[in-house]
Amino acid sequence: MKRSLSVALLLIFSMTACRRPQPQAAQAASAPLKVGLVFDVGGRGDKSFNDSAFRGLQRAAKELGIKYDYIEPAEPADRENALRQFASGDYPLIIAVGFIFTDDVNRVAEAFPKKHFACVDYALEPGQAVPPNVVALKFREQESSFLGGVIAALTSKTKTIGFVGGMDVPLIHKFEAGYRAGAAWADAKVKVLVSYAGVTPQAFKDPAKGEEIALSQIAQGADIIYHASGSTGLGVFEAAREKHILAMGVDSDQYKDAPGFVLTSITKNVDEAVFQVIQRQLEGKFKGGVIELGLKEKGVGYVYDEHNKALIPARAREQAERARALIVADKLQVPFK
Amino acid sequence: MRALIKSEGRWITAAAALSLAVLLLGVVGLGRNPALVLRLMVSRVLLSPYGLGQTLYKTTTLIFTGLACALAFRCGLFNIGAEGQVYAGGFLMTAVGLALPGLPAVLLIPLLLVVSALGGGLWALLPGYLKAKRGAHEVITTMMMNFIALALTNYLVMARFHVPETIHTQELPAAASLPLAGAFARTFQGSAVNASLLVALALAAAVWYFLWRTPLGFELRAVGANPEAARSSGVPVESRLFLILVASGALAGLAGVNFILGYKHYFEQGFAAEEGFLGIAVALVAKNHPVGVVFAALLFALLSQAGLALNTVIPRELFEILQSAVIFIVVICQNRLGEKA
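Given the structure is predicted, the values throughout are model-derived calculations rather than measurements. (Residues numbered from 1 in each chain as written. Chains lettered and ligands numbered in written order. Predicted model: local features only at pLDDT ≥ 70, side-chain atom pairs only at ≥ 80, totals over all residues. Heavy atoms only, no water.)

1. Quick notes on the overall build of chain B
(1) Moving on: A count of helical and extended segments in chain B gives 14 helices and zero strands.
(2) Moving on: Secondary structure elements in chain B, listed N-terminal to C-terminal, are α-α-α-α-α-α-α-α-α-α-α-α-α-α.
(3) Moving on: Here the C-alpha atoms of chain B give a radius of gyration of 20 Å, agreeing with the 20 Å that 2.2 N^0.38 yields for 341 residues.
(4) Moving on: For the C-alpha atoms alone, the extent of chain B along its principal axes is close to 60 × 60 × 35 Å. (Helix = DSSP H or I, 4+ residues; strand = E, 2+ residues; numbered from the N terminus. Rg over C-alpha atoms; globule rule 2.2 N^0.38 Å.)

2. Here we look at helix 2 (residues 34-46) of chain B
Residues and elements named next belong to chain B.
(1) Moving on: Its 13 residues give helix 2 an end-to-end C-alpha distance of 17 Å, which sits within 8% of 18 Å, the value for a rise of 1.5 Å per residue.
(2) Moving on: Among all positions of helix 2, only V37, L38, R39, L40, M41, V42 and V45 are buried.
(3) Moving on: The N-cap residue of helix 2 is N33: its side-chain oxygen and the backbone nitrogen of A35 are 2.9 Å apart. (Expected span 1.5 Å × (residues − 1). Buried < 20%, exposed > 50% of the residue type's maximum accessible area, 1.4 Å probe, protein only. Polar contact = N/O pair within 3.5 Å; in protein donor to acceptor, adjacent residues only side chain to side chain.)

3. Looking at a nonpolar patch on the surface
All names here are of chain B.
(1) Moving on: A cluster of nonpolar residues, I140, M143, M144, F147, I148 and L152, forms a patch on the protein surface that exposes about 560 Å² of accessible area.
(2) Moving on: Considering the arrangement of structural elements, one finds F147 in helix 6 (residues 138-161).
(3) Moving on: Residue F147 is classed as exposed on the basis of its relative accessible area of 54%. (Patch = residues over 30% accessible without salt bridge, like charges linked within 9 Å, V, L, I, M, F, W, Y side chains within 5 Å. Areas by Shrake-Rupley, 256 points an atom, 1.4 Å probe, with all protein chains shown as cover. Salt bridge = Lys/Arg side-chain N within 4 Å of Asp/Glu carboxyl O.)

4. So, the interface of chain A and chain B
(1) Moving on: Taken together, the 42 residues of chain A in the interface contact 38 residues of chain B.
(2) Moving on: Summed over both sides, the interface between chain A and chain B buries roughly 3,700 Å², with carbon and sulfur atoms accounting for 60% of that surface.
(3) Moving on: One can count four salt bridges joining chain A with chain B.
(4) Moving on: For E268 of chain B, the salt bridge is made with R79 of chain A, and the minimal N-O distance between the two is 3.0 Å.
(5) Moving on: Joining chain A to chain B, the criterion identifies 13 residue pairs in polar contact (both at pLDDT 80 or more).
(6) Moving on: Of all the elements in the fold, those that place two or more residues in the side of chain A that touches chain B are helix 1 (2-18), strand 2 (67-71), helix 3 (78-87) and helix 4 (102-111) of chain A.
(7) Moving on: The element that contributes the greatest number of residues to the side of chain A that touches chain B is helix 3 of chain A, accounting for eight residues. (Contact = heavy atoms within 4.5 Å. Buried area = accessible area lost by both parts, 1.4 Å probe.)

5. Some words on unusual backbone geometry
(1) Moving on: Even without being glycine, H244 of chain A reaches a positive phi, approximately 55°.
(2) Moving on: At A273 of chain B, a position not held by glycine, the phi torsion is positive, near 45°.
(3) Moving on: With respect to the secondary-structure elements, A273 of chain B resides in the loop between helix 11 (256-264) and helix 12 (275-285).
(4) Moving on: The partly exposed category is assigned to A273 of chain B, whose relative accessible area is 22%.

6. Looking at the packing of aromatic side chains
(1) Moving on: Tallied over the entire structure, the rule returns 19 aromatic pairs over all chains.
(2) Moving on: Here a set of aromatic residues connected by ring pairs shows up, and it is made of Y57, Y87, F91, F161, F259, Y263, F267 and F271 of chain B.
(3) Moving on: The aromatic ring of F275 of chain A is capped on one face by R59 of chain A, whose charged end is 3.7 Å from the ring centroid.
(4) Moving on: A cation over an aromatic ring shows up here: R317 of chain A above the ring of Y304 of chain A, its NZ or CZ 3.7 Å from the ring centre. (Phe/Tyr/Trp six-rings, centres within 6.5 Å; stacked < 30°, edge-to-face > 60°. Lys NZ or Arg CZ within 6 Å of the ring centre and 35° of its normal.)

7. What to know about the nonpolar core
(1) Moving on: F146, I172, Y179 and I278 of chain A together with L261 and F300 of chain B are the most contacted members of the largest nonpolar core, which has 208 residues in total.
(2) Moving on: No fewer than three residues from each of domain 1 (30-139 + 271-293) and domain 2 (141-267 + 304-328) of chain A sit in this core.
(3) Moving on: When near neighbours in sequence (up to four residues on either side) are disregarded, L261 of chain B contacts M93, L112, L172, A176, S177, L178 and G256 of chain B. (Core = buried A, V, L, I, M, F, W, Y, C linked by side-chain atoms within 4.5 Å. Domains from an automatic or database assignment.)

8. What about the confidence of the model for chain B?
(1) Moving on: Summing up the model confidence of chain B, the mean pLDDT is 90 and the portion of residues at 70 or higher is 96%.
(2) Moving on: Quick note on the complex model: pTM equals 0.83, ipTM equals 0.88. (pLDDT = per-residue confidence, 0-100.)

9. What to know about the sheet that holds strand 2 of chain A
Residue and element names in this part refer to chain A.
(1) Moving on: Judged by pairing direction, the sheet is parallel, and its six strands sit side by side in the order 2-1-3-4-5-11 without closing on themselves. For this open sheet the edge positions go to strand 2 and strand 11 (289-293), each flanked by a neighbour on one side alone. Averaged over all pairs of adjacent strands, the angle between strand axes in this sheet comes to 20°, irrespective of strand direction.
(2) Moving on: Note that strand 4 (residues 116-120) and strand 5 (residues 134-139) share four bridges and pair parallel. When the bridges of strand 5 are listed, F117 appears paired with V134. (Pairing = 2+ DSSP bridges. Axes fitted to C-alpha atoms, helices over the stretch in contact; angles between N-to-C directions.)

10. Comments concerning the sheet that holds strand 10 (residues 262-268) of chain A
All names here are of chain A.
(1) Moving on: Pairing is mixed across the open sheet formed by six strands, whose spatial order is 7-6-8-9-10-12. Every interior strand has two partners, whereas the edge strands, strand 7 (191-198) and strand 12 (300-302), have only one. Taken over all neighbouring pairs, the strand axes of this sheet differ in orientation by 15° on average, direction set aside.
(2) Moving on: Both strand 6 (residues 160-167) and strand 7 contribute to a ladder of seven bridges, which runs parallel. Paired with V164 across the strands is S195, a residue of strand 7.

11. Observations concerning the packing of helix 8 (residues 215-225) of chain B against helix 10 (residues 237-253) of chain B
When two helices pack together, their arrangement is given by the angle between their axes and by how far apart the axes lie.
All names here are of chain B.
(1) Moving on: One can describe the packing of helix 8 onto helix 10 by two numbers: an axis separation of 10 Å at closest approach and a directional angle of 105°. Here helix 10 runs roughly perpendicular to helix 8, going by the angle between their axes. Contacts between helix 8 and helix 10 involve L216, E219, L220 and V223 on the former and, on the latter, V237, R240, L241, L243 and I244.
(2) Moving on: In the contact of helix 8 with helix 10, the residues fall into seven nonpolar, no polar and two charged. (Parallel < 35°, antiparallel > 145°, perpendicular 65-115°, else oblique. Nonpolar A, V, L, I, M, F, W, Y, C, P; charged D, E, K, R; others polar.)

12. As for the packing of helix 3 of chain A against helix 3 (residues 49-74) of chain B
(1) Moving on: Two numbers describe how helix 3 of chain A lies on helix 3 of chain B: the axes approach to 12 Å, and their chain directions differ by 170°. When the interaxial angle is binned, helix 3 of chain A and helix 3 of chain B end up roughly antiparallel. Each of D78, E80, N81, R84 and Q85 of chain A in helix 3 of chain A lies in contact with helix 3 of chain B, whose residues at this interface are Y50, Q54 and K58 of chain B.
(2) Moving on: Classifying every residue of the contact of helix 3 of chain A with helix 3 of chain B by side-chain character gives one nonpolar, three polar and four charged.

Written out as structure tokens, the structure is:
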């Protein structure tokens, strides 16, 4: 056994030895930009938040001709580890997807001052500045959730609507607060049921839990349920299909996950934000700081297209658009907690 | 002793060689170039100081949880609760550290080490008591304690201790930080490997000494080998089972030292990330020998770090399959050879 291992090791080293790394000078100025992306704990394939970021990356590859690689960390200690893998490689721009990366981005950005970083949902602590080589991508999800609340309240027949949050954190409270405020603005008599799937990142990838919560809300009379819970929401769709009620998707257009049962999706255009950051990097206009996107900047919104037009009553659409105009004109303040 | 190490070494070498074979098979199956994968594995993990540092960091946690499981197995006990014990120890240590801001490092660090062991031991107290007094199976009780630990620490962090917009507590006072390897060897700069590794290695030696060089250790091994025989030769089996489950919990409780005192300096929800369960696999591959635990921990840490470093080339799932394959291979080989012996 020992001999076979030493033979294997010898083989490895000989293979390494004969292919030395290419010298840096070989990288011509015209070489495409390489972007590294590190996914959130929910991971790629959540058909929601992470996938939206990935779409931005793919779009940049197609339209701007960049190259990209991605890493899916498995444990908390691997977040910084993954960022450093990219930072020590030839990736001038590194994108981290999720608030949970805030600390890790700060550490790695300090260790690699010449590299650029972007962090989606970067959590800004009060009185703290963003490092000069970091862009914090923030969204005003409460604004689009407000429109969602308006549509849900005016579409509901039972006058009871539900909200399923993923992890119980301030970021998700923004969705809830906007949704509640929108429902109350449209119809003060509508009851809003609220539940969270848990208090750990696991709460964003627990479809069974999502289905359980949704079924319990349906039993209490809810006929429309909005979820902001990553892949946990797939369980909410399952419950909607089973009990013939309507669900509302989040972050990406989730119509395809339960055709006919998705009233609309409250979109957070992470793809747009990711694309814009890559574009700025390419144009040499990357500048550290906070970029905040709301209804006005078209960073958030809701889906209204040929698939779901028939599901949304005319009055709901009308009132939602009225609310949008008021919010964009700063005439309506949407609470975020 | 030498014979023991030799036989442990053989297991781990076999596991390493076979896992390499499985990996290459998987890589070829995915249509990737195995030579490229091997080259990257060497350059990004084995020959990169950062990669090596991260591997040693991961090894450290696994030594603690591996020792915890191995010690219990030696005594015939299945401690499935290492995961929960890691959280209990880590949380108690953080709470005490936050409550004592003024202490100097020479007092604070030993105190926190003791407290984390205490927390883990405390979490094994109930399963230990139920095992000794009622004969309740420790697999069930320790597993239930896992759920309780996770839910309770999550609740406490969110309800009382967390920094807004995060899922972790305040940072511990600077005096509570264990030195990073990068502070002594510049080449490891940036990596999370820290002095906890020395604590882990010292504990491995201590567990070995305890089991094979003390009368109590002999008793415990006797209980593990044949409880009835041990009982008839006068060993108080029940009280020994209780003691060893609590000691196993204490070892697992110390695992949090690596992440909390050595790396991030705060308690983060879910920080153990199933390293407690992986401890069972480490103990299994090591055949419950403390020296074997060190090397088995290194093997699993290498797999984990390689999975991350190669993630841009091959999917992470392949390494997860690989991890399971290693366990399978070891179980099969051990049973066959065990029959022959």
